[in-house]
Amino acid sequence: MELNEKITLRQFNLLIILFTIGTSILLSPASLAAYAGNDAWLSAILSVVIGLVILVFFWSVSRQFPTSNLVDISEQVLGKWLGKFAALLFACFSLISAATVLWVIGNFLVTQIMPETPMMFLHFLLMGSVVYGVLLGIEVICRTVEIFFPYIVTLLLIIYIFSVPSIKIEHIQPMLDGGFKPILEGAIFDASVSLLPLIALFMVFPKLVTDKKRVLPKVMGSYLIAGTFIIAITFITITVLGVEITANQTYPTYVVAKSLNVEGLIQRAEVVIAVSWLLTIFFKLSLYFYASVTALAQALNLTTYRTITVPMGMLTVALSLIVYPSTTYANEWNESTWLWFALTFGIVYPLLLSLIGRVRGIKGEK
Amino acid sequence: MKRTILLKLALLSLCALLLTGCWSKRELNEIGIVTAIGIDRQEEQYKVTVQVINPSEVASKEMTTRTAVSTYTAVGNSIFETIRKLMTLAPRRVYLSHVREIVLGEEMAKEGIGKTLDFLSRDHEMRTDFHLTVAQGVEAEELMKILTPLERIPAEKAFSSIKSGEDSWAPIEAVKISDVLNAMLSEGNNPTLSGIRIIGNPEQGNQLTNVEQVDSPANFAIDGLAVFRKDHLVGWLNENQSKGYNYITDNVKNTAEYAPCENDEKGGITLEVFDSTSKLKAAVTSNQPRISINIELEAGIAEVECPLDLSKTATIRQVEKQFEEHVTTLAKRTIQVLQQDLQSDVLGFGDLIHREDKTYWKSIKHEWDNIFPEVETEVKTTVKIKRTGTIVDSYQKDVEG
């Protein structure tokens, strides 16, 4: 499959920020508070540290195979047929992840904002724009990232800054009340949600990014920016709402935005959070979907991925409607299965490729 | 030619996709905007009263003979069911996002409010910025039916009374649902809710004549604080005790404080408190927790009836001392009532000990309810009088001198 699109490292970094913020900005505080109680913010910091380690690992894998994307690496390292099989599994992982992300946004909209609208229509609308974006290509998606990035940051900052007066430090005292173990558990879970999916970027980075100079510090920097957003929102939700309420909310960030009131001038601003979340999730969804479609097309030796984009989009919508039968199921699945699912494709898969590649002495160039 | 027409038609029909945003639209004239909800218990069921805005009355500039709000009451097994059941009475579907006030009946509060709070935080239409109150001595339903002068919507009057009261009158505390939940779920704290009470004749309160007079025969007042143990109402703090409570919990922004003159003179002296801060510290010595409370007031002299020479700093110091004792006594009495009579840690002493000494807290947290009444406390108040208002001496000094 020919891919002659080009994106810059700057665009790629912005994509990383939005992809990492993605779903986490609305969901992370609740799970972190449920694990680590009033130390949730420490857990978020630890999660970013774990994330940095994983990021270095990703970087070392990409150094090992400088110009190959994940499907190329699989085929070179594992051989044609086993490699294709692994690539197909990876395409499935991305597709399922895309479907769950789509479900998450649909569920948010019908729970909080539009309870009577059937989820199917919301999914069609959002997926429609994602399919259109992917059809136009990753270049267009990345330019959209550049356009929307300032808006998203501004919207989030509005919520952050105006929440500061409601912060009560008492809510996070005493520190380390439950010991270190719950903090670590929360951090691992959070890292699995916000960082492991970055494996999907292996379908973008190696072949498409043009100026690969000083990649590691720049990528780490952009991950730190995204991590700061997540740490800050975790800190804000638990200090504003309290630990018990945060842990028991499905969307604590939304509730913080709901209770925002600056002297009666700025209030009822929760839709601001909804809008910025729709935007970040659009990019997360686009990237998952792009990774899935290109991996599939490449594994099947298609000349272009564009022919299968529309059918795959329909498949994603259909899958998103049945992927979780209920919110309770979704929570259980996230707590019990997601970590291992993400570890398999986010750590074990690239680690195996890297090790076998080293043993067989494969450099990555064709 | 044919193709372009087809293409245009296809594009036009695509626009229809954008209409999904209007899927469950409800126009303003299709919803009944609820401003207050009153919840009572009737045997094993809930009695829910909603106060719905009558939009044409609120918006119209001319005087009419209809009331600005209407109330509907129904009885059902759960709050949500009852609110839906109201459809049998009300012409419009009720809309809860503009609720400003939740009034809980006193009887229901005694039985427990925990189950009620579930609906209030679970329903997506409910926001988090309303005040929670307990109707003192009456059912919530009765309170919901009082029409108020000045503010045409009674719930709005209650909301602004509490809000402006919290800013300028010490006994009033504005309580949001997150405060109640946090206090209720914490092991070392208990919730308080603002009390609300009918004054005058409730029979006349629900008629338009109530607001056609300069002095309305019926009204309701924000009065006292309802003290809970976990989710059960156990008693009330009166005005002075509520003051003490708010001084201790650092919830006083601006208020008036009165103390009688010294030396058996008639009358008294009043301060306007501009700023009040309170710092609580817990120390554990030989397994005994001890709480020290440090209250600092900044004030100005607002009204003087005593023959005092206020041009002397010595006199000012004397007045400061007098008020230091006064506020200390207020705080001590509140603590006494909470420890001895109500036995409920609404001041959050348990949480304070938890924050300062977590290992000690772990060893006692299961017996905290028994320990709380015995906890030793120490209150220290500092009053600083910064100014004396626009005049210096009291005229009374010259009249009597």
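All figures in this text were calculated on a predicted structure; none of them were measured in a lab. (Residues numbered from 1 in each chain as written. Chains lettered and ligands numbered in written order. Predicted model: local features only at pLDDT ≥ 70, side-chain atom pairs only at ≥ 80, totals over all residues.)

Draft legend 1. Region of interest: the domain arrangement of chain B. All names here are of chain B. Entries for chain B in the domain assignment read domain 1 (27-237) and domain 2 (238-401). Each of domain 1 and domain 2 has a C-alpha centre, and these two points are 32 Å apart. Taken together, the contacts link 22 residues of domain 1 with 28 residues of domain 2. Elements with a minimum of two residues in the side of domain 1 that touches domain 2: α7 (154-168), β8 (218-229) and β9 (232-237). Looking at side-chain class alone, the side of domain 1 that touches domain 2 contains 10 nonpolar, 8 polar and 4 charged residues. (Domains from an automatic or database assignment. Contact = placed C-beta atoms within 7 Å. Helix = DSSP H or I, 4+ residues; strand = E, 2+ residues; numbered from the N terminus. Nonpolar A, V, L, I, M, F, W, Y, C, P; charged D, E, K, R; others polar.)

Draft legend 2. Just unusual backbone geometry, in detail. All names here are of chain B. Positive phi, close to 40°, is recorded for S286, a residue that is not glycine. Inspection of the secondary structure puts S286 in the loop between β11 (268-285) and β12 (288-304). Taking the C-beta count within 10 Å as the criterion, S286 has 4 such neighbours and is therefore assigned exposed. Its identity is not glycine, yet N287 carries a phi of approximately 65°, on the positive side. C-beta crowding within 10 Å serves as the criterion here: with 8 such atoms nearby, N287 is assigned to the exposed category. (Buried ≥ 20, exposed ≤ 12 C-beta atoms within 10 Å, placed from the backbone.)

Draft legend 3. Quick look at the interface of chain A and chain B. Counting residues at the interface gives 21 residues for chain A and 15 residues for chain B. Secondary structure elements with two or more residues in the side of chain A that touches chain B: α5 (80-113), α6 (119-136), α11 (243-248) and α12 (252-259) of chain A. Considered class by class, the residues forming the side of chain A that touches chain B number 9 nonpolar, 7 polar and 5 charged.

Draft legend 4. Structural view of the pairing of strand β2 (residues 45-53) of chain B. All names here are of chain B. Burial analysis of β2 places 8 of its 9 residues in the buried class, which makes it a mostly covered element. Relative to β2, strand β1 (residues 31-42) is paired through 8 bridges, and the arrangement is antiparallel. Among the inter-strand pairings, R41 is bridged to a residue of β2, identified as Y46. Sheet topology places β2 next to strand β3 (residues 69-76); 8 bridges connect them, and they run antiparallel. Bridging across to β3, I53 finds its partner in V69. (Pairing = 2+ DSSP bridges.)

Draft legend 5. Structural detail: the nonpolar core. Counting residues in each nonpolar core, the largest one holds 216 residues, and the members touching the most others are L15(A), I16(A), A295(A) and L104(B). Of the residues forming this core, the biggest block, 17 residues, is contributed by helix α13 (residues 270-299) of chain A. Counting contributing residues per domain, this core is built from domain 1 (27-237) and domain 2 (238-401) of chain B, each supplying no fewer than three. For L104(B), the residues in contact, after removing those within four places along its chain, are I39(B), A109(B), I113(B), T116(B), V134(B), A135(B) and A140(B). (Core = buried A, V, L, I, M, F, W, Y, C linked by C-beta atoms within 7 Å.)

Draft legend 6. Structural view of the sheet that holds β11(B). Residues and elements named next belong to chain B. Spatially, β10-β11-β12-β13 is the arrangement adopted by the 4 strands of the open sheet, whose pairing is mixed. If you trace the sheet from one side to the other, it starts and ends with β10 (255-260) and β13 (376-387), each paired once. The mean inter-strand angle of the sheet, taken between neighbouring strand axes irrespective of direction, is 40°. In this structure, β10 lies alongside β11, joined through 6 bridges in antiparallel fashion. (Axes fitted to C-alpha atoms, helices over the stretch in contact; angles between N-to-C directions.)

Draft legend 7. Structural context of the confidence of the model for chain B. Of the residues in chain B, 98% have a pLDDT of 70 or more, and the chain-wide mean is 87. Interface scoring of the predicted complex returns ipTM 0.80; its pTM is 0.86. (pLDDT = per-residue confidence, 0-100.)

Draft legend 8. Quick look at the environment of L347(B). Residues and elements named next belong to chain B. Looking at the element boundaries, L347 is found in the loop between α11 (313-342) and α12 (349-356). On the neighbour-count criterion, L347 (27 C-beta atoms within 10 Å) is buried. Through-space distance from the C-alpha of L347 to that of M87 is 42 Å; in sequence the pair is 260 residues apart. In this view, L347 contacts I248, T249 and L338; residues no more than four positions away in its chain are not counted.

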